[in-house]
Amino acid sequence: MQLMVENLHVAYDRIRALHGVTFGIAEGEIVCIIGANGAGKSTTLRAISRMVPALPGSRMDFEGRNLLDYPPEKVVSQLGVSHVPEGRRLFGNLTVMENLKLATFARKDRPAIKRDLDLVFSIFPRLAERESQPAGTLSGGEQQMVAVGRAYMTGRRMMLLDEPSMGLAPLMMLSMFEALKEINQAGTTILLVEQNARLALKFARRGYVIENGRIVIEGDSGALLNDPGVKKAYLGG
Amino acid sequence: MSLEFLLQNVINALQWGSFYALIALGYSMVYSILMLFNFTHGDIFMTGTYIGLGVATGLLALSGAMGIVLPGWLLLAMTIVIAMFLTSFVGVAVERVGYRPLRDAPRASAAITGLMIGIMLEYGNLAILGTQRLLFPPIIETVTYNIFGVFVTNKKIVIVAVALSLMLALHLFIQKTRWGMAMRAMSFDFQVVPLMGVSINLIAPMTFAIGSALAAAGGILYALAYPVLDPFMGILLGWKSFVAAILGGRGSILGAALAGFLLGFIEVFVPIVFPSTFRDLIAYSIILLILTFRPYGFFGQAHSTQLRL
């Protein structure tokens, strides 16, 4: 397992958000976590990125290293785990190129940066056209491209995606997931959380269902798509 | 009002505007990235001026001991550069000791801490250097030029020129370097910055360092014109520059610079019309009036509370 999460507990102030979440991802996999609003999907990703503190007793290992020893910026820069946050959160006052360049702030490997930038532009040719435009002026789909491209530029071992389909037109969603497949084929493990369960399960190989801060069902995507409980709760019958 | 008289006062206004603008920039830069008003900044300006005094005195003694006479402009340039460098550490220390532990605390706690550190700097200075006012050494001699009936001193030219050059340098730094880019990003959404692999604990001290260095430069320029220093000199200038930062628009770098100069103009031109004892009363009434109609200042935006990541 590239990423092992065991018994992850998180609380916001006094309110428990996660009650011992356990799951794992192997290198090169595409895995999704589905669940309702407020079930704990985003919190799980934020805990992995160390943006929210994990409570004592939680364990998170990435490639054999204890994630709890790393501050957020080092999870990105030293371990290569990138995070596309919910709502994209681009730097709207910076140009597309500046957003991508800022993502390489901590990197010193110039030739690799150039290669990664070329890959981002080959997956999202639109971004090359929009290069010098402020990111805040782009359409929703283009902004999601910048968010994914930017995450790829920060670190390429694993990418965490929080609701990448949110706010996108159906066609745009499909091409976004095609792009994520390309990024996965280039060697990046992908963990995404989605409310759009059908789309996520079609894209991912395996999935977890989270309810009230606990993983309740796990399995291959095919099995989950046919699971009567999952069908009823998340796939609209 | 004759044209010569008008130009004479424009030059005075530019000189005062240079002081206010250089100090106001520090308030705005820190606010733009941390949404925090650094109320120690006026006293960092004072500390920077004293550091400048120490550097200038030291350089004079050193060159005297070595038997060389440094030209005044070189002495001034060296004093400004060295004092800016040294004062930046004061800013870094204030951030590290005062503000960083309070980053998630209510803003009022940080404001009070800032004021307290300011008082410590004032009375620390008093305790170490004593109650006697110190005189900034006259490192350049005053030369007065008569340009078509307008009297301009070389010091005023130097003050305005150095201030404008530093502002231009700051602008280029913010727009063209990756550090400046990180600052701009942080001013837009500081919570996402760590996800870019950039530590907030790198950008925040750097911003304090630059703001403090600019305040030190402002202090030395101020001392060229008004060489009698006292430990409380940063209070009034600090607060006035803070007003300029607010007037420019919270967090707006350009706004702070422009409002600093506007403040200089208002303060110089009000006493031409009104008795000079009314100067600040009327000047700040005008600013209050402007803020009544533009509560966010010239370039400020109504901030919505940022989303939690």
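Cut-offs applied
Residues numbered from 1 in each chain as written. Chains lettered and ligands numbered in written order. Predicted model: local features only at pLDDT ≥ 70, side-chain atom pairs only at ≥ 80, totals over all residues. Contact = placed C-beta atoms within 7 Å. Nonpolar A, V, L, I, M, F, W, Y, C, P; charged D, E, K, R; others polar. Axes fitted to C-alpha atoms, helices over the stretch in contact; angles between N-to-C directions. Helix = DSSP H or I, 4+ residues; strand = E, 2+ residues; numbered from the N terminus. Left-handed = near helix turned anticlockwise from the far one by under 90°. Buried ≥ 20, exposed ≤ 12 C-beta atoms within 10 Å, placed from the backbone. Pairing = 2+ DSSP bridges. Right-handed = clockwise from strand over helix to strand, strands pointing away. Expected span 1.5 Å × (residues − 1). UniProt positions renumbered as here; feature names shortened; annotations may be inferred. Core = buried A, V, L, I, M, F, W, Y, C linked by C-beta atoms within 7 Å.

## Topic: the interface of chain B and chain A
Then, in step 1: Counting residues at the interface gives 15 residues for chain B, matched by 21 residues for chain A.
Then, in step 2: Looking at the side of chain B that touches chain A, its residues break down into ten nonpolar, two polar and three charged.

## Side note on the packing of helix α1 (residues 3-34) of chain B against helix α5 (residues 154-176) of chain B
Residues and elements named next belong to chain B.
Then, in step 1: Axis separation between α1 and α5 bottoms out at 9 Å; the angle between their running directions is 35°. When you trace α1 past α5, the crossing you get is left-handed. Two secondary-structure elements touch here, α1 through Ile11, Leu14, Gln15, Ser18, Ala21, Leu22 and Leu25 and α5 through Lys156, Ile159, Val160, Ala163, Leu166, Met167 and Leu170.
Then, in step 2: Considered class by class, the residues forming the contact of α1 with α5 number eleven nonpolar, two polar and one charged.

## Describing the pairing of strand β7 (residues 158-162) of chain A
Residue and element names in this part refer to chain A.
Then, in step 1: Counting buried positions along β7 gives five out of five residues, so the element sits mostly inside the fold.
Then, in step 2: Judged by which residues are buried, β7 turns out to be covered on both faces: Met158, Leu160 and Asp162 on one side and Met159 and Leu161 on the other are all buried.
Then, in step 3: Pairing of strand β6 (residues 81-84) with β7 involves four bridges; the strand directions are parallel. Bridge pairing in β7 links Ser82 to Met159.
Then, in step 4: Judged from the five bridges that link them, β7 and strand β8 (residues 189-194) form a sheet pairing that is parallel. What sits directly across from Met159, in β8, is Ile190.
Then, in step 5: Assessed by its sense of winding, the connection that carries the chain from β7 through helix α7 (residues 170-185) to β8 is right-handed.

## So, helix α8 (residues 233-248) of chain B
Residues and elements named next belong to chain B.
Then, in step 1: Over its 16 residues, α8 runs 23 Å from end to end, which matches the ideal 22 Å to within 8%, given 1.5 Å per residue.
Then, in step 2: In terms of burial, α8 is largely enclosed, as 13 of its 16 residues are buried.
Then, in step 3: The first or second residue beyond α8 is Gly249, which carries a positive phi of 110°.

## Re the UniProt feature "transmembrane region" (unreviewed entry) in chain B
Then, in step 1: Following the UniProt record, the feature "transmembrane region" (unreviewed entry) maps to residues 20-37, 49-68, 74-94, 115-136, 156-174, 195-225, 256-275 and 281-299 of chain B here.
Then, in step 2: Its end C-alpha atoms 30 Å apart, residues 74-94 of chain B is made of 100% helix and 0% strand.

## So, the nonpolar core
When a protein is soluble and globular, its nonpolar side chains tend to lie buried together.
Residue and element names in this part refer to chain B.
Then, in step 1: Ala21, Leu22, Ala24, Leu25, Ile203, Ala217 and Ala256 are the most contacted members of the largest nonpolar core, which has 164 residues in total.
Then, in step 2: The element that contributes the greatest number of residues to this core is helix α7 (residues 200-225), accounting for 17 residues.
Then, in step 3: In this view, Ala21 contacts Ala163, Met167, Ala256, Ala257, Gly260 and Phe261; residues no more than four positions away in its chain are not counted.

## Brief notes about helix α6 (residues 140-154) of chain A
Then, in step 1: With 15 residues, α6 of chain A should cover 21 Å at 1.5 Å per step; its first-to-last C-alpha distance of 21 Å lies within 8% of that length.
Then, in step 2: Across the 15 residues that make up α6 of chain A, a large majority, 13, are buried.

## Concerning the pairing of strand β9 (residues 206-211) of chain A
Each regular strand carries side chains that alternate between the two faces of the sheet.
Residues and elements named next belong to chain A.
Then, in step 1: With five of its six residues buried, β9 lies for the most part within the structure.
Then, in step 2: Taken together, the five bridges between strand β3 (residues 30-35) and β9 define a ladder with parallel strand orientation. What sits directly across from Val31, in β9, is Arg206.
Then, in step 3: Examined bridge by bridge, β9 and strand β10 (residues 214-220) share six bridges and lie antiparallel to one another. Of the residues in β10, the one forming a bridge with Gly207 is Gly219.

## A closer look at the sheet that holds β7 of chain A
Residue and element names in this part refer to chain A.
Then, in step 1: Pairing is mixed in the open sheet, where six strands are placed in the order β6-β7-β8-β3-β9-β10. Each having just a single partner strand, β6 and β10 make up the two edges of the open sheet. Adjacent strand axes in the sheet meet at a mean angle of 15° when their direction is disregarded.
Then, in step 2: Relative to β8, β3 is paired through five bridges, and the arrangement is parallel. For Ile34, the partnering residue across the bridge sits in β8 and is Glu194.

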